[in-house]
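Reading the structure
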Amino acid sequence: MLQPPHQPPQVAAVPAQRIPAREDEAGPWHSEAVCRRDEAGLFFAPSKEPTAARLAREEAAKRVCARCPVMVACQEHALMQPEPYGVWGGLTAAERRVALARRRRRDTELAAAAPAERIAAAG
């Protein structure tokens, strides 16, 4: 008996286990992601990747992100999870760490400024 040839599964650039369950009328944001048509290897580093190769790969991934209609949603997802690896929303893991540190600093400054503003407004 002949069996149909085995079809390898399609590799998605956005790992399924890390995708949030949130959907809106148009469907989940990641269904429109340009990276779903590219190889995941472009967005996630192989082990022991040389620095020059990593930088070139990350720049290529960022070019894909730059033309993506859901780049902002992807970036927010990666910052809220937080995603520890790969290029998400045009940011590398190191760039996301910097963005998160800036957000935390800004939130701390805003929280500290709020009581002073209330006191000034009451006075």
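Structure shown above.
Residues numbered from 1 in each chain as written. Predicted model: local features only at pLDDT ≥ 70, side-chain atom pairs only at ≥ 80, totals over all residues. Heavy atoms only, no water.

1. Topic: the state of the cysteines
Put plainly, a disulfide is one covalent bond tying together the sulfur atoms of two cysteines. Under the defined criterion, the tally for this structure stands at zero disulfides. The thiol of Cys65 is unpaired, and the distance to the nearest cysteine sulfur, on Cys74, comes to 6.1 Å. On the accessibility criterion, Cys65 (8% relative accessible area) is buried. The thiol sulfur of Cys74 is not disulfide-bonded, and the nearest other cysteine sulfur, from Cys35, lies at 5.9 Å. (Disulfide = S-S within 2.5 Å. Buried < 20%, exposed > 50% of the residue type's maximum accessible area, 1.4 Å probe, protein only.)

2. Details of unusual backbone geometry
For the bond running from Gln81 to Pro82, omega is -25°, close enough to zero to count as cis. Note that Pro82 resides in the loop between helix H2 (71-80) and helix H3 (93-122). A positive phi angle, near 55°, is found at Lys48, a position not held by glycine. Among the secondary structure elements, Lys48 is positioned in the segment before helix H1 (51-66). (Helix = DSSP H or I, 4+ residues; strand = E, 2+ residues; numbered from the N terminus.)

3. Some thoughts on the nonpolar core
Core analysis: the largest hydrophobic core is formed by 14 residues, its most contacted members being Trp29, Ala33, Phe43, Cys68, Val70, Val87 and Trp88. The set of elements that each furnish at least two residues to this core consists of H1 and H2. At three residues, the largest contribution of residues to this core is made by H1. Look past the residues within four positions of Ala33 in its chain and what remains in contact with it is Cys68 and Val70. (Core = buried A, V, L, I, M, F, W, Y, C linked by side-chain atoms within 4.5 Å. Contact = heavy atoms within 4.5 Å.)

4. Brief notes about the packing of aromatic side chains
One pair of aromatic rings is described through two measures. These are the centre distance and the angle between the planes. Taken as a whole and judged by the stated rule, the model has one aromatic pair. Consider the rings of Phe44 and Trp88, whose centres lie 6.2 Å apart with planes at 80°: the pair is edge-to-face. Of this pair, Phe44 sits in the segment before H1 while Trp88 sits in the loop between H2 and H3, and the two are 44 residues apart along the sequence. Residue classification places Trp88 among the buried residues on the basis of a relative accessible area of 2%. (Phe/Tyr/Trp six-rings, centres within 6.5 Å; stacked < 30°, edge-to-face > 60°.)

5. Concerning the side chain of Thr92
Tracing the backbone shows Thr92 in the loop between H2 and H3. Owing to a relative accessible area of 7%, Thr92 belongs among the buried residues under this scheme. If sequence neighbours within four positions are ignored, Thr92 has contacts with Glu58, Lys62, Gly86 and Val87.

6. What about the environment of Arg96?
Along the chain, the position of Arg96 falls in helix H3. By relative accessible area, Arg96 is classed as buried at 2%. Placed twelve residues apart in sequence, Arg96 and Pro84 show a C-alpha to C-alpha distance of 8.6 Å. Beyond its immediate stretch of four places on either side in the chain, Arg96 contacts Ala78, Leu79, Glu83, Pro84, Tyr85, Gly86, Val87, Trp88 and Leu91. Looking at Arg96, its side chain comes within polar contact range of the main-chain oxygen of Leu91, at 2.7 Å. (Polar contact = N/O pair within 3.5 Å; in protein donor to acceptor, adjacent residues only side chain to side chain.)

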